[in-house]
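Chain by chain, the residues run as shown.
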Amino acid sequence: EKGGYPHFMLKEIMEQPEALENCLRGRLDLPHNTVKLGGLIDVMDRVQAADRIIICACGTSWHAGLVGEYLIEEFARIPVEVEYASEFRYRNPVLRANDVVIAISQSGETADTLAAVREAKRQGVLTLGICNVVGSTIARETDAGVYLHVGPEIGVASTKAFTAQVTVLTLLALKLAEGRTLSEAEMAQALRALAEIPEKVRQVLALDEEIRRIAHVYRYASNFLYLGRGYNFPVALEGALKLKEISYIHAEGYPAAEMKHGPIALIDRFMPVVFIAMKDRTYDKVVSNIEEVVARQGSVIAITDEGNGELDALCEYVIRIPPAPDFLTPLLTVVPLQLLAYHIAVMRGCNVDQPRNLAKSVTVE
Ligand code: M6R
């Protein structure tokens, strides 16, 4: 059942290339230069006309929602807000007729997210679901939606669901941009780059042994900081969540630029800092942040593009992954962070598939 792997989590990390291929199948139509989202056909006009999109989710799904905010605002130019479902639900949110609420939930059973959907429906707003479990409550109660199609996720730590959620949000953002904000040529380029992602994830997974060695070095750390910017700020949050939930190491994720407003006070030689430093529009700024950490004896692990040797002198470890357009990098940069958390947790003797105090789906509010 674990496909020869010692844990479901590792199996689910390793099967991401095929999972993403399944998620994209029939949706990415390269010959016709278009995206097809069957479940949204009847509501697409209303989504395109939305004044505002509000994404509600919890945990890892909320992190995927944050990537979705960047994607939809960049490509579709529709304002997006991302809400913790629990907060949205209890603060009497202001919704207007042309708002659209998107609930993201792997299980489709998370009580807070379901309550947010019900609140949105009570206020008469169009609700969409992005779920993995077919026939789940959120999938049934939303007006329309898109399934992830990645198969069951058993490990409590969400991995392939995250990359699939981001993939679906990418498809949605591109669909919303079709014939509006992207030219045919730009669309073709974006779709081709998206089609290459599963193979690039495969290349990142080949770094497993290298990441295991890095995990071995840091396995006794008691704190970790994760920093990234732009599309990779949510990935920093996700990397930190993965580590804390399965290894019980305290970890925090921040937007890299926010470091100087507080967290930099934590840096000393006992603080490992994981930087996502892809060569995108934020790269130079991130490198300055790395320099600031190194100047305070922090120990830096950086994730950057293949062929980039510029960080070697600064960082303790540099993990090099295939480059991609910036909006697709979260699908690649999160993978080493999943593996790092996994290996550290195993080395610390933790129960990675069923960490203490956690359940796969949280059905209480
Ligand atoms: O099933 P859902 O996507 O609604 O679950 C939301 C969170 O409970 C979930 O992502 C949780 O944070 C995971 N354990 C993260 O790995």
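Look up: the structure comes first, before these words.
Here the residue numbering is sequential within each chain, running from 1 through the sequence in written order. With pLDDT at 70 or above as the cut-off, local features in this predicted model cover only qualifying residues; side-chain atom pairs require 80 or more to be listed or tallied, and sums for whole chains, interfaces and linings still use all residues. Side-chain figures throughout are based on the complete set of non-hydrogen atoms in the structure, without hydrogens or water.

Novice: Report on the sheet that holds strand S4 (residues 80-84), specifying residues and quantitative values.
Specialist: Pairing is parallel across the open sheet formed by 5 strands, whose spatial order is S4-S3-S5-S6-S7. Sheet topology places S4 and strand S7 (144-147) at the edges, where each strand pairs with a single neighbour. The sheet shows a mean angle of 20° between the axes of neighbouring strands, direction not considered. Pairing between strands is defined by DSSP: at least two bridges between the two strands are required. Secondary structure is summarised from DSSP: a helix means a run of H or I of at least four residues, a strand means a run of E of at least two, and numbering begins at the N terminus for each. Summarising the sheet, strand S3 (residues 52-57) and S4 pair through 5 bridges and their orientation is parallel. Note that in S4 the partner of Ile-53 across the bridge is Val-80. Sitting on the sheet, helix H6 (residues 111-122) is in contact with S3, strand S5 (99-105) and strand S6 (126-131), with an inclination near 165° to S5. Each of S3, S5, S6 and S7 touches helix H8 (residues 160-177); the most contacted strand, S5, lies at about 155° to it. Axes here refer to lines fitted to C-alpha atoms; in helices the fit is confined to the stretch in contact. Angles between the N-to-C directions go from 0 to 180 degrees. Should any heavy atoms of two residues lie within 4.5 Å, those residues are counted as being in contact.

Novice: Break down the pattern of salt bridges for me, citing the residues and quoting the values.
Specialist: Here, a salt bridge means any side-chain nitrogen of Lys or Arg that lies within 4 Å of a carboxyl oxygen of Asp or Glu. One pass over the structure, following the stated rule, counts 22 salt bridges. One salt bridge in this structure joins Lys-175 and Glu-178, with 3.1 Å as the shortest N-O distance.

Novice: I'd like to hear about helix H2 (residues 16-24), residue by residue, with values.
Specialist: Under the scheme applied here, a residue whose accessible area is under 20% of the maximum for its type counts as buried, over 50% as exposed, and between as partly exposed, the area being computed with a 1.4 Å probe on protein chains only. Of the positions making up H2, those classed as buried are Gln-16, Pro-17, Ala-19, Leu-20, Cys-23 and Leu-24. Summarising the axial view, the buried residues of H2 lie within an arc of 165°, below the 170-degree limit, and thus occupy one face. Looking at the buried residues of H2, the elements they touch are helix H1 (8-14), strand S1 (28-29), H8, helix H9 (184-195), helix H10 (197-205) and helix H14 (330-347). Once H2 finishes, Gly-26 follows within two positions and takes phi at roughly 75°, a positive value. Comment: arc refers to directions from the helix axis out to C-beta atoms.

Novice: A description of the sheet that holds strand S11 (residues 299-305) should follow, citing residues and the corresponding values.
Specialist: The parallel open sheet is built from 5 strands, whose spatial order is S9-S8-S10-S11-S12. Of all the strands in the sheet, the pair left with one neighbour each is strand S9 (250-255) and strand S12 (317-321). Each strand of the sheet is rotated relative to its neighbour by a mean of 15°, with strand direction disregarded. Pairing of strand S8 (residues 223-228) with S9 involves 6 bridges; the strand directions are parallel. The residue bridging Gly-228 from the neighbouring strand is Pro-255, located in S9. Together, S8, strand S10 (272-276), S11 and S12 form the strand contacts of helix H11 (residues 208-218), whose direction differs from that of S12 by roughly 155°. Relative to the sheet, helix H12 (residues 233-247) contacts S8, S9 and S10, its axis offset from that of S9 by approximately 175°.

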